Amino acid sequence: MTPVPFVRRTAQVRRMLRVELRRGTAPVAALAMFGAGVWMLAVHPDHWAGRWAGLADYFRVSMLILCALMVAAGAWQAGRERRRDLGELITSTPRPGWHPVVLAWLAVALAGTTGVLLAFSGAAAFVAPVATYAGGGWWWMLAVGVVALGTATAIGTLVGRLSALRVAAPIAGLATYLGLGILLYGDTRAAAWLSPVSPGWRMHQSIPDWVTAGQAGWLLALTVLSLAVAARRWWMAALAGGVAIAVAVPVATGPGPYRLPADPGAVQLVCTDTGPPVCLSRINAFLLDDVTPVVRPVLIRLTEATGRPWRAVDHATAPAGTPDSTDGDTVWLYLDSQSTVRGGLARPDWLRADFHTVTRPRCPVEQRREPDHRVYQLSSVAAAWLLDASHSTDPPAPVDPALERLRALPLAAQHAWFSAYLDAAARCDVPALIRLGQPQ
Amino acid sequence: MTTVSIHGLRVSYGSRPVLEELELELGVGVHGLLGPNGAGKTTLMRVLATVLRPDRGEVRLLGRQLSDPAGLRLARRQLGYLPQSFGFYPRFTVREFVEYFAWLKEMPPEAIPLAVDRAIERVGLLDRADDRMKHLSGGMLRRAGIAQAIVNDPKLLLLDEPTAGLDPEQRVEFRALLRQLGLDAVVLVSTHLVEDVVAACARVSLVDKGRLVFTGRPDELIAAGAAGDSGDSPIERGYAAVLRGAREAAR
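- As recorded in an unreviewed UniProt entry, chain B goes by the name Multidrug ABC transporter ATP-binding protein, listed as coming from Micromonospora endophytica.
- Recorded in UniProt under Sequence similarities (unreviewed entry), the annotation for chain B is "Belongs to the ABC transporter superfamily."

1. Here we look at the sheet that holds strand β10 (residues 211-216) of chain B
In any sheet, the strands associate via hydrogen bonds between backbone groups, in a parallel or an antiparallel arrangement.
All names here are of chain B.
Thinking step 1. Across the sheet, six strands lie side by side as β6-β7-β8-β3-β9-β10; this open sheet has mixed pairing. Among the strands making up the open sheet, the edge pair consists of β6 (79-82) and β10. Geometrically, the sheet is characterised by an average inter-axis angle of 15° between neighbouring strands, direction not taken into account.
Thinking step 2. Judged from the four bridges that link them, β6 and strand β7 (residues 156-160) form a sheet pairing that is parallel. Opposite leucine 82, over in β7, you have leucine 159 as the bridge partner.

2. Here we look at the environment of aspartate 329 of chain A
Thinking step 1. Considering the arrangement of structural elements, one finds aspartate 329 of chain A in the loop between β3 (311-314) and β4 (330-333).
Thinking step 2. For aspartate 329 of chain A and alanine 384 of chain A, which are 55 residues apart along the polypeptide, the C-alpha to C-alpha distance reads 20 Å.

3. Re the interface of chain A and chain B
Thinking step 1. With 31 residues of chain A at the contact, the number on the chain B side is 33 residues.
Thinking step 2. Of the roughly 3200 Å² buried at the junction of chain A and chain B (both faces included), carbon and sulfur atoms supply 61%.
Thinking step 3. In this structure, the connection of chain A to chain B is made through four salt bridges.
Thinking step 4. In this structure, arginine 15 of chain A and glutamate 99 of chain B form a salt bridge, with 2.5 Å as the shortest nitrogen-oxygen distance.
Thinking step 5. Counting across the chain A and chain B interface gives twelve residue pairs in polar contact (both at pLDDT 80 or more).
Thinking step 6. Of all the secondary structure elements, the ones that give two or more residues to the side of chain A that touches chain B are α1 (6-23), α5 (63-83), α6 (87-91) and α7 (98-127) of chain A.

4. Details of the domain arrangement of chain A
Residues and elements named next belong to chain A.
Thinking step 1. In terms of domains, chain A is made up of domain 1 (11-259), domain 2 (267-359) and domain 3 (364-440).
Thinking step 2. Both sides together, the interface formed by domain 2 and domain 3 hides about 1400 Å², and carbon and sulfur atoms give 63% of it.
Thinking step 3. Considering only the surface of domain 2 that becomes buried against domain 3, Arg301, Arg352 and Thr359 emerge as the three largest contributors, covering 52% of it.
Thinking step 4. Put simply, domain 2 and domain 3 have zero salt bridges between them.

5. A few points about the domain arrangement of chain B
Residues and elements named next belong to chain B.
Thinking step 1. Domain annotation for chain B reports domain 1 (1-78 + 155-163 + 185-238) and domain 2 (84-153).
Thinking step 2. Centre-to-centre separation of domain 1 and domain 2, based on C-alpha positions: 25 Å.
Thinking step 3. Domain 1 puts ten residues into the contact, and the matching count from domain 2 is nine residues.
Thinking step 4. Buried area between domain 1 and domain 2, summed over both chains or domains, comes out near 820 Å², and the portion from carbon and sulfur atoms is 43%.
Thinking step 5. Inspection of the region where domain 1 meets domain 2 yields two salt bridges.
Thinking step 6. For arginine 73, the salt bridge identified is with glutamate 106, shortest N-O distance 2.5 Å.
Thinking step 7. Summed over the shared surface of domain 1 and domain 2, the number is six residue pairs in polar contact (both at pLDDT 80 or more).
Thinking step 8. If you list the elements that add at least two residues to the side of domain 1 that touches domain 2, you get α2 (69-77) and β7.
Thinking step 9. When residues in the side of domain 1 that touches domain 2 are grouped by element, the largest group, three residues, is from β7.
Thinking step 10. Here the side of domain 1 that touches domain 2 is composed, by residue class, of three nonpolar, two polar and five charged.

6. What about the sheet that holds β4 of chain A?
Residue and element names in this part refer to chain A.
Thinking step 1. Pairing is mixed across the open sheet formed by four strands, whose spatial order is β1-β2-β3-β4. With one partner strand each, in any of the chains shown, β1 (269-271) and β4 form the two edges of the open sheet. Sheet twist, expressed as the average angle between the axes of neighbouring strands with direction ignored, equals 25°.
Thinking step 2. Examined bridge by bridge, β3 and β4 share four bridges and lie parallel to one another. Considered in β4, the bridge of arginine 311 is made with threonine 330.

Rules used in this analysis
- Residues numbered from 1 in each chain as written.
- Chains lettered and ligands numbered in written order.
- Predicted model: local features only at pLDDT ≥ 70, side-chain atom pairs only at ≥ 80, totals over all residues.
- Heavy atoms only, no water.
- UniProt positions renumbered as here; feature names shortened; annotations may be inferred.
- Pairing = 2+ DSSP bridges.
- Helix = DSSP H or I, 4+ residues; strand = E, 2+ residues; numbered from the N terminus.
- Axes fitted to C-alpha atoms, helices over the stretch in contact; angles between N-to-C directions.
- Contact = heavy atoms within 4.5 Å.
- Buried area = accessible area lost by both parts, 1.4 Å probe.
- Salt bridge = Lys/Arg side-chain N within 4 Å of Asp/Glu carboxyl O.
- Polar contact = N/O pair within 3.5 Å; in protein donor to acceptor, adjacent residues only side chain to side chain.
- Domains from an automatic or database assignment.
- Nonpolar A, V, L, I, M, F, W, Y, C, P; charged D, E, K, R; others polar.

As structure tokens, this is what we get:
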């Protein structure tokens, strides 16, 4: 037989692929993945809104659900041959068995991936107008997620080829969900890098390129291994298995996920030009206009009362290991879950709560010893006084009599009291704190 | 010209032999394969369709040894097969289903569209070509199954109970199609309907308990029967007589 030119051969494969895309499990997979994507995005917009890296990371967080769906879809598609009693007829044809297996896998993987990417493209339309940092390796994180969807479909294909039972697909999907969940909560280094599911990295951090390449290599090898076993290509399966192990070992035994370096571009400071400085990382800078009106009145009150801390800075920009308590000059702000879909500030109260680090007494935690409740109450009074300038609650919170008494003092006396409180709190001088809490 | 050659074929399921020392030679033309239930007809069809590996014996299809992988692939390219239990993908249209099998049979891509239309036309389903398989009646499904079997103009066509579900008019048309196909291909039709054999087959083989007990022309099978044999037609009487004779000889 004369060899068929590549172009004509691929044209026929494309035509068969189109048939599979229309008539196989693919349309249902696309719809299910689109729905799952929209649902996941709607559940936690604060994780992805306003940040490209956040969107890519959330794509990987969603793998817990998405991979389970793709495994189920792959299993359903691959099981149809035996369910529909076509195995014998197909076996009698000359085309190598892996061709229809790969064609069916490709159709489901393409359709499912397109469905979920469509949902995430919708989210990208919200991110694009507000995002203030487009750099970093987020593209690669997204790409590894796409590879993982192909891997999940391939594993499903293998399950479907092994079992023609209708329940095999939902059971395989559920088992994938549980397995990935166990790996996630196992919280081991191997699980962090070999599982496609991200536990939710901090968005200003970057995963080393070699780890990302290793993840992609591991998932690709696993894909080939699954498809090769499904098509009973044992030599190919052995080769892919060897590659999978060779790639997995260095990735799983390499540096852990808790010492990821910051992306220098993402943590570059962006500060307000006037008044007490409010500085955010570039990746969170889209929140600056919303953060400043919340933070600045508190900073002004602080500087008027004590002169310090005099600035509020995004904790993402702090060197690794920096504690969350104030260093005297700086109040650290946490902005990782602080964005609405359109890029606004999601929870001003959480931001104000970051100032509690200023008023919290620096008392060492002692086991089997309850902190003095009077100190605790006084720290609440100090925090309430500090945050009062921009404080509003609905319905109004009951006013503490101690706070009322403090507010009744002349402003200079209020400042002096607050300054004395901070001094005593910094030293954990409990007697001095108790004295400050007594009516004067 | 012999294009299917079977020598010393033995197939068993577990310890139970289904075909035993079977010898068969088939040339171009339509051959009927008759036999009672459990005689081994479907097993023989599956061996010839290359989906069942025999325990022993030599099978040559279209001059190729099935034990040679390259020969097997070449033989499969020239093979058409309609199994007894014909499955299908319900969401595929008839055209897509036949095209899918044309692709599986490694037909040249440029020949596929025309071959698909021709196969569908030959089974009389052209007006339903774009209907989904799940919307077809039992007879139409059978015809779609025949269309996928003949799409590659096979040199060896194996049809296991092809007329099941066809109405009388469709059976008449199908016999005409069989005669046409048998002009330049080996067509082996396994059936219980002996009148189909008389009407369409040039030769007939009768299998009983895994052994070939008769092979010859339909008129020779008819001649084997006598007026006292059971059966409503001459061929049924011949069929019954040959079976009775084979069983008595085996005792």
